[in-house]
Amino acid sequence: MLFLVAALLLLGVLLGTVAHAPLTFSVAVGAVIAVWLAVFALRERHDRGHRTPTTGS
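The following refers to the structure shown. (Residues numbered from 1 in each chain as written. Predicted model: local features only at pLDDT ≥ 70, side-chain atom pairs only at ≥ 80, totals over all residues. Heavy atoms only, no water.)

Attention shifts here to the overall build of the protein chain. Counting its regular elements, the protein chain contains two helices and zero strands. By the burial criterion, 0% of the 57 residues in the protein chain qualify as buried. (Helix = DSSP H or I, 4+ residues; strand = E, 2+ residues; numbered from the N terminus. Buried < 20%, exposed > 50% of the residue type's maximum accessible area, 1.4 Å probe, protein only.)

Quick look at the structure:
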């Protein structure tokens, strides 16, 4: 619960900062975050497909 409160507080601070930042900076940072999330998703999908199933012995 504390993590959720901290995340929402940080999100509010960042959104307030973005409102005062130049548009090109906001778009550039958004693009970096989007690429980071895409790489993370691809790595997760790749790792999930290559895991060996464990046997319950």
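Here the largest pocket is characterised by a volume of approximately 210 Å³. Looking at the largest pocket, the residues that line it are L14, L15, T17, V18, A21, F25, S26, V29, G30 and I33. If one sorts the elements of the lining of the largest pocket by residue count, helix α2 (residues 23-50) sits on top with five residues. Among the residues making up the lining of the largest pocket, the classes are represented as seven nonpolar, three polar and no charged. (1 Å grid on protein atoms, 1.4 Å probe; cavity = no way out; pocket = protein on both sides within 12 Å on 5 of 7 lines; lining within 4 Å. Points joined across faces, edges and corners; volume = space filled by probe spheres on them. Nonpolar A, V, L, I, M, F, W, Y, C, P; charged D, E, K, R; others polar.)

Attention now goes to a nonpolar patch on the surface. Judged by side-chain polarity, M1, L2, L4, V5, L8, L11 and L15 come together as a nonpolar surface patch covering roughly 790 Å² of accessible area. Residue position: L2 is located in helix α1 (residues 2-20). (Patch = residues over 30% accessible without salt bridge, like charges linked within 9 Å, V, L, I, M, F, W, Y side chains within 5 Å. Areas by Shrake-Rupley, 256 points an atom, 1.4 Å probe, with all protein chains shown as cover. Salt bridge = Lys/Arg side-chain N within 4 Å of Asp/Glu carboxyl O.)

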